[in-house]
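The lines below spell out each chain.
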Amino acid sequence: MTANGTASVGDELVASESRLRAILGCTKGIVFEFDRDARYLNLWTHEESLLARPRSEVIGRTIVEALGEEVGRPLAECVRRVYDTGISETLEYELVLRGGRRWFLADILITPPTGGRERTVAALVRDMTAHKQLEEQLRQAQKMEAIGQLVGGIAHDFNNILTTIVGYSELLVEGLEKGTGMRRHALRIRQAAERASGLTKQLLAYGRKELLVPEILDVNIVISSMADMLRRLIGEHIELRLELDPQLGGAKFDRAKLEQVIMNLALNARDALGAGGRLTFRTDSVELDEAFCTQRVECSPGSYVLITATDTGKGMDAATKTRIFDPFFTTKEVGRGTGLGLSMVHGIVKQSGGHIEVDSEPGRGASFRVYLPRVITPPAVAAAADLRPPDATTNGHTVVIVEDDVDVRQLLDSHLRSAGYNVVVADDPDAALQLARTLPIDVLVTDVVMPKMGGDELALRMRELQPNVRVLYISGYPEDPRVAHVPRVPRSVFLPKPFTRQALVQEVNALVEMRS
Ligand SMILES: Nc1ncnc2c1ncn2[C@@H]1O[C@H](COP(=O)(O)OP(=O)(O)O)[C@@H](O)[C@H]1O
Ligand SMILES: [Mg+2]
């Protein structure tokens, strides 16, 4: 500080100027200053990568010169308007930079004249790319959710109808003499109904309404035990490579569903590879952090088992990529693709708390990454089932059926009767409880979702009357919260609709043989 103090004013000015510069320099995004002709006077940023061209190339030029007509013109016009009217505006625009396409949001405002300089226009520009991408993902997720609900709803009703068709055509087949035309017709009906039921299952999976039986899996073992089958499936002209991480840890997932996921990825790779190439399944254990998850919808941080399926096939363009998980979206010729494979994969993975994404460019192959929730505990050996060896005394046992769909009810009745059980049909849960007061019951076969009393409550109340009753729950609504709880009741089993006669009888037999 000097004696007369004049230099201190200068010092302060310099200090405050550099302070301002520092603040502008570390603001996220870019601050530009323009004249009326949208000529760059100044710019401040610490993210040089956000600039379409280096600072030295733009200062003194106009926006149109720097960014071209298409992007530059609307910006230049906006700058002029703000200059003339003094009213701020906001403008969105896109640029293709070295790192790819980016979205920007510019607040354009007037700065008052200072120290003999004319007024200028300032643009505060923020990079909105991450935002945009998240928004896009959210839109996708909402779309999938809406379609999922629609499709899942239809699939439920179909499930009931198909249970009836499969069941009765099975009875027809059994009742008709071998070699007759009639029997062949009945077989056709059954086959068609089973095919329809397969499709319905995929739709239910897309709608995340499948009954999953998660267990702790060693994904490496699941993949390597499928290797032979996969090689046959994809053919000799395609090389199958496995790169499995020995330190993987377990994944919490439904085993049969994981096999379906792997199969579908392999089949798609086969179709994309055509003449030949390579398909690699790789496993890794990864940690997903906040930063990763905030950029994605429905993704929570934590440990995951990552399965990457990479092929060297024809790849896909951006438009295809946004639609591959939609049900019935296929680029394959009629009869070759159903467009349900990846829809199902997506539904299953999401329903299990996992995550799936894809990288692909036309001609550059495709890479699907499937993240499954990881658990550190080693995969357990399947717990020994609470079963005694069959003792051939299953007949003569009494089964009570409670099911509000008349067709399904009659079907259950005839299936179990023909298997040798004493069958009593109850119209509703109250009637079943009434029966239980007088009749010894071995197995209760009940629908889970019923209007007056749910199957779970019925089972509990029946257990109060007859503690040894075994329960077979059947339902076409595996996602219903009531269904989610039922498997925890001891000596009970859940059978999803539609089922075959064989599956039904097997379950009831097993229940009868279960130790009290
Ligand atoms: N590995 C891949 N490489 C290139 N395109 C793929 C790959 N996997 C899936 N696709 C694209 O996604 C679409 C949907 O796949 P999917 O749901 O399995 O149905 P589908 O196989 O019946 O066509 C395919 O038709 C294809 O265009
Ligand atoms: Mg497919």
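Residues numbered from 1 in each chain as written. Chains lettered and ligands numbered in written order. Predicted model: local features only at pLDDT ≥ 70, side-chain atom pairs only at ≥ 80, totals over all residues. Heavy atoms only, no water.

1. Some remarks on the overall build of the chain
Phase 1 of the analysis: Broken down by element type, the chain carries 16 helices and 17 strands.
Phase 2 of the analysis: Here the chain has a C-alpha radius of gyration of 33 Å; the compact-globule value for 516 residues is 24 Å, and the former is much larger.
Phase 3 of the analysis: Dimensions of the chain, computed from C-alpha atoms along their principal axes, come out at roughly 115 × 55 × 45 Å.
Phase 4 of the analysis: Expressed as a percentage of the 516 residues in the chain, the buried residues total 44%.
Phase 5 of the analysis: Within the chain, counting contacts between residues at least 6 apart in sequence, those at least 24 apart form 65% of the total. (Helix = DSSP H or I, 4+ residues; strand = E, 2+ residues; numbered from the N terminus. Rg over C-alpha atoms; globule rule 2.2 N^0.38 Å. Buried < 20%, exposed > 50% of the residue type's maximum accessible area, 1.4 Å probe, protein only. Contact = heavy atoms within 4.5 Å.)

2. Side note on the packing of aromatic side chains
Phase 1 of the analysis: Counted according to the given criterion, the structure contains 6 aromatic pairs.
Phase 2 of the analysis: Relative to Tyr40, the ring of Phe34 has its centre 5.0 Å away and its plane inclined at 55°; by these criteria the two rings are tilted.
Phase 3 of the analysis: Residue Tyr40 is classed as buried on the basis of its relative accessible area of 6%.
Phase 4 of the analysis: Taken together, Phe32, Phe34 and Tyr40 form an aromatic cluster joined through their ring pairs.
Phase 5 of the analysis: A cation over a ring is seen here: Arg296 above Phe292, with NZ or CZ 3.5 Å from the ring centre. (Phe/Tyr/Trp six-rings, centres within 6.5 Å; stacked < 30°, edge-to-face > 60°. Lys NZ or Arg CZ within 6 Å of the ring centre and 35° of its normal.)

3. Overview of the site of ligand 1
Phase 1 of the analysis: Of all residues adjacent to ligand 1, which total 19 residues, the nearest are Asp311, Thr330, Thr331, Lys332 and Gly339.
Phase 2 of the analysis: Residue Thr338 places a main-chain N or O atom 2.9 Å away from an oxygen atom belonging to ligand 1.
Phase 3 of the analysis: Note that an oxygen atom of ligand 1 is positioned 2.8 Å from one of the backbone N or O atoms of Gly339.
Phase 4 of the analysis: Starting from 540 Å² of accessible surface for ligand 1 in isolation, the protein chains cover 94%.
Phase 5 of the analysis: Elements supplying a minimum of two residues to the shell around ligand 1: helix 8 (255-273), helix 11 (341-351) and strand 12 (366-375).
Phase 6 of the analysis: Tallied by class, the residues present in the shell around ligand 1 amount to 8 nonpolar, 9 polar and 2 charged. (Near = heavy atom within 4 Å. Polar contact = N/O pair within 3.5 Å; in protein donor to acceptor, adjacent residues only side chain to side chain. Areas by Shrake-Rupley, 256 points an atom, 1.4 Å probe, with all protein chains shown as cover. Nonpolar A, V, L, I, M, F, W, Y, C, P; charged D, E, K, R; others polar.)

4. Let's talk about the domain arrangement of the chain
Phase 1 of the analysis: Domains assigned within the chain are domain 1 (6-127), domain 2 (134-206), domain 3 (214-375) and domain 4 (398-513).
Phase 2 of the analysis: Put simply, the middle of domain 3 and the middle of domain 4, counted by C-alpha atoms, are 38 Å apart. (Domains from an automatic or database assignment.)

5. Overview of the pairing of strand 14 (residues 422-426)
Phase 1 of the analysis: As judged from the 5 bridges shared by strand 13 (residues 398-402) and strand 14, these two strands associate in the parallel manner. Residue Val402 lies in a different strand from strand 14, and its bridge partner there is Ala426.
Phase 2 of the analysis: Handedness of the crossover is the feature at issue here: the chain leaves strand 13, passes through helix 12 (residues 406-418), returns alongside strand 14, and the resulting connection is right-handed. (Pairing = 2+ DSSP bridges. Right-handed = clockwise from strand over helix to strand, strands pointing away.)

6. Some words on the sheet that holds strand 1 (residues 30-34)
Phase 1 of the analysis: Sheet architecture is open: 5 strands sit in the order 2-1-5-4-3, paired in antiparallel fashion. What marks the edges here is a single partner per strand, and that holds for strand 2 (40-45) and strand 3 (89-97). For this sheet, the mean inter-axis angle between neighbouring strands, taken without regard to orientation, is 25°.
Phase 2 of the analysis: Bridge count for strand 4 (residues 100-111) against strand 5 (residues 120-127) is 8 bridges, and the pairing is antiparallel. Pairing of Asp107 across the sheet is with Leu124, part of strand 5.
Phase 3 of the analysis: Across the face of the sheet, helix 4 (residues 69-85) comes into contact with strand 1, strand 3, strand 4 and strand 5 while running at roughly 155° to strand 3.
Phase 4 of the analysis: Along the sheet, helix 5 (residues 129-175) makes contact with strand 3, strand 4 and strand 5, crossing strand 4 at roughly 120°. (Axes fitted to C-alpha atoms, helices over the stretch in contact; angles between N-to-C directions.)

7. A few points about the environment of Gly153
Phase 1 of the analysis: Among the secondary structure elements, Gly153 is positioned in helix 5.
Phase 2 of the analysis: Classification of Gly153 as partly exposed rests on a relative accessible area of 32%.
Phase 3 of the analysis: Remark: the alpha-carbon pair of Gly153 and Thr120, spanning 33 residues in sequence, is separated by 60 Å.

8. Considering the sheet that holds strand 14
Phase 1 of the analysis: Overall, parallel pairing links the 5 strands, which are arranged 14-13-15-16-17 in an open sheet. Each of the sheet's edge strands pairs with one partner strand only, and the pair in question is strand 14 and strand 17 (492-496). If you compare each strand with its neighbour and ignore which way they point, the axes differ by 20° on average.
Phase 2 of the analysis: Summarising the sheet, strand 16 (residues 470-475) and strand 17 pair through 5 bridges and their orientation is parallel. Bridge assignment links Val471 to a residue of strand 17, and that residue is Ser492.
Phase 3 of the analysis: Strands in contact with helix 12 are strand 13, strand 14, strand 15 (443-447) and strand 16; relative to strand 14, the strand with the most contacts, it is inclined by about 170°.

9. Overview of the pairing of strand 11 (residues 355-360)
Phase 1 of the analysis: Where burial is concerned, most of strand 11 is hidden: 5 out of the 6 residues are buried.
Phase 2 of the analysis: With 6 bridges joining them, strand 11 and strand 12 adopt antiparallel strand pairing. Bridged to Glu357 within strand 12 is Arg369.
Phase 3 of the analysis: Hairpin connection between strand 11 and strand 12: a loop of 5 residues separates the two successive antiparallel strands, and Gly363 in this loop has a positive phi of roughly 75°.

10. Let's talk about the pattern of salt bridges
Phase 1 of the analysis: Scanning the model with the defined rule gives 30 salt bridges in all.
Phase 2 of the analysis: A salt bridge links Asp37 to Arg80, with the nearest nitrogen and oxygen atoms 2.8 Å apart. Taken together, the residues Asp37 in the loop between strand 1 and strand 2 and Arg80 in helix 4 connect sequence positions 43 residues apart.
Phase 3 of the analysis: For Asp37, a relative accessible area of 39% translates into the label partly exposed.
Phase 4 of the analysis: The class of Arg80 is partly exposed, set by a relative accessible area of 34%.
Phase 5 of the analysis: The partner of Glu403 in a salt bridge is Lys497, and the shortest N-O contact between them spans 3.4 Å. (Salt bridge = Lys/Arg side-chain N within 4 Å of Asp/Glu carboxyl O.)

11. Description of helix 14 (residues 455-465)
Think of an α-helix as 3.6 residues a turn; residues three or four steps apart then line up on the same face.
Phase 1 of the analysis: Burial in helix 14 covers these residues: Gly455, Leu458, Ala459, Met462 and Arg463. Viewed end-on, helix 14 has its buried residues packed into an arc of 135°, placing them on one side of the element. Among the exposed residues of helix 14, those pointing more than 90 degrees away from its buried face are Leu460 and Glu464.
Phase 2 of the analysis: Residues of helix 14 that are buried in the fold lie against strand 13, helix 13 (429-436), strand 15 and strand 16. (Arc of directions from axis to C-beta.)

12. Observations concerning the state of the cysteines
Phase 1 of the analysis: For the coordinates displayed, the defined rule picks out 0 disulfides.
Phase 2 of the analysis: Not engaged in a disulfide, the cysteine Cys299 finds its nearest cysteine sulfur in Cys293; these two sulfurs lie 3.1 Å apart. (Disulfide = S-S within 2.5 Å.)

13. Details of the nonpolar core
Phase 1 of the analysis: Counting 43 residues, the largest nonpolar core has Val219, Leu258, Leu279, Phe281 and Ile307 as the members making the most contacts within it.
Phase 2 of the analysis: Summarising the domain contributions, this core has at least three residues from each of domain 2 (134-206) and domain 3 (214-375).
Phase 3 of the analysis: If sequence neighbours within four positions are ignored, Leu279 has contacts with Ile234, Ile238, Glu239, Leu240, Arg241, Ala266, Ala269, Leu273, Thr310 and Asp311. (Core = buried A, V, L, I, M, F, W, Y, C linked by side-chain atoms within 4.5 Å.)

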